[in-house]
Amino acid sequence: MFTGKNIVHSDVVTKATHDALARRGVTLEDIANIVYEMQVPYNEGLDLAECVDSIEKVLMKRELQHAILVGIELDELAEQGKLSAPLQQIVESDEGLFGVDETIALGAVFTYGSIAVTTFGHLDKNKIGIINDLDTKKGIGVHTFLDDLVASIASCAASRLAHRKRDLEEAGLTYKEAHKLKNKQPDQQ
Ligand code: MG
């Protein structure tokens, strides 16, 4: 039984993370579309459901949850004009030299290794899907941190899939076969 005082239970942090993304209009399917595009060339038979599943798994990691909660909070405070000057103006305008958004998001991908890091670099340069939508919606809300956080989540989920593919290959399974076995075996994180 969980008895830790002053410690936030994982379930609370996980729920807060999902709620924050939903509040900002980002669905897991939006992020899954990016993951799919990044990974389908290397994963025959990959489908969107597998990408959503991978996103759900990486969203259980505190490393990512904390980055998402901090970044989204700052976007929302900036939107409400509640940051102090000059940070308010810097975050609100997504100032070119402000790199803390990228730094926080990049810090959260290290747990998923070099594939996550290089994928993040790619997505930071070539904003695809909802990352581009968030980046170009300037003037409608503040998404200074959110675009980078979405890239971070997608990069972690893509890296996880790449590693999972090797696990499946070594087990002599395809994604399709793994799907069938899914309910019979405890899933890997
Ligand atoms: Mg940004």
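Residues numbered from 1 in each chain as written. Predicted model: local features only at pLDDT ≥ 70, side-chain atom pairs only at ≥ 80, totals over all residues.

Going by an unreviewed UniProt entry, the protein chain carries the name Phosphatidylglycerophosphatase A and comes from Sporosarcina quadrami.

S.K.: Help me out: how do you make sense of the overall build of the protein chain in this one?
M.R.: Broken down by element type, the protein chain carries ten helices and zero strands. If you list the helices and strands of the protein chain from N to C, you get α-α-α-α-α-α-α-α-α-α. For the protein chain, whose C-alpha radius of gyration is 17 Å, the value lies close to the compact-globule estimate of 16 Å for 189 residues. Overall, the protein chain is about 60 × 45 × 25 Å in size when its C-alpha atoms are taken along their principal axes. Long-range pairs, those at least 24 residues apart, make up 75% of the contacts in the protein chain with a sequence separation of at least 6. (Helix = DSSP H or I, 4+ residues; strand = E, 2+ residues; numbered from the N terminus. Rg over C-alpha atoms; globule rule 2.2 N^0.38 Å. Contact = placed C-beta atoms within 7 Å.)

S.K.: Explain unusual backbone geometry to me, please; I cannot follow it from the model alone.
M.R.: A negative phi angle characterises most non-glycine residues, just as the trans form characterises most peptide bonds. In this structure, Pro86 follows Ala85 across a cis peptide bond, with omega equal to 5°. The topology assignment puts Pro86 in the loop between helix 4 (62-79) and helix 5 (87-92). Phi at Asp94 takes a positive value of approximately 50°, unusual for a residue other than glycine. Mapping Asp94 onto the fold places it in the loop between helix 5 and helix 6 (100-107). A tally of 17 C-beta atoms within 10 Å means that Asp94 is categorised as partly exposed. (Buried ≥ 20, exposed ≤ 12 C-beta atoms within 10 Å, placed from the backbone.)

S.K.: Please explain the environment of Glu29 as it appears in this structure.
M.R.: In this fold, Glu29 is placed in helix 2 (residues 28-39). In this structure, the C-alpha to C-alpha distance between Glu29 and Val52, residues 23 residues apart in sequence, is 6.4 Å.

S.K.: Hey, could you run me through the nonpolar core in this one?
M.R.: Taken as a class, soluble globular proteins show a tendency for nonpolar side chains to be buried jointly. By size, the foremost hydrophobic cluster in this structure holds 43 residues, and its most contacted members are Ile31, Val35, Ile55, Val150, Ile153, Ala154 and Ala157. Put simply, the parts of the chain that give this core at least two residues each are helix 1 (10-23), helix 2, helix 3 (48-58), helix 4, helix 6, helix 7 (113-125), helix 8 (130-136) and helix 9 (146-170). Element by element, the count of residues in this core is highest for helix 9, at ten residues. Once you skip the residues sitting within four places of it in the chain, Ala154 turns out to touch Ile31, Ile34, Val35, Met38 and Leu123. (Core = buried A, V, L, I, M, F, W, Y, C linked by C-beta atoms within 7 Å.)

S.K.: What's the story with the packing of helix 2 against helix 9 in this structure? I'm lost.
M.R.: Angle between the axes and distance between the axes: these two values describe a pair of packed helices. Running from amino to carboxyl end, helix 2 crosses helix 9 at an angle of 45°, the nearest separation of the two axes being 9 Å. Classified by the interaxial angle, the pair formed by helix 2 and helix 9 is oblique. In the crossing of helix 2 with helix 9, the sense of the turn from one axis to the other is right-handed. Here Ile31, Ile34, Val35, Met38 and Gln39 of helix 2 lie close against helix 9, whose contacting residues are Val150, Ile153, Ala154, Ala157, Ala158, Leu161 and Ala162. Its residues assigned to classes, the contact of helix 2 with helix 9 comprises eleven nonpolar, one polar and no charged. (Axes fitted to C-alpha atoms, helices over the stretch in contact; angles between N-to-C directions. Parallel < 35°, antiparallel > 145°, perpendicular 65-115°, else oblique. Left-handed = near helix turned anticlockwise from the far one by under 90°. Nonpolar A, V, L, I, M, F, W, Y, C, P; charged D, E, K, R; others polar.)

S.K.: Help me understand the environment of Ala78 in this model?
M.R.: Tracing the sequence through the fold places Ala78 in helix 4. Judged by C-beta crowding, with 23 C-beta atoms within 10 Å, Ala78 ranks as buried. Along the primary structure Ala78 and Gly141 are separated by 63 residues, whereas in three dimensions their C-alpha atoms are 8.9 Å apart. With sequence-adjacent residues up to four places away left out, Ala78 is seen in contact with Leu83, Gln88, Val91, Glu92, Val142 and Thr144.

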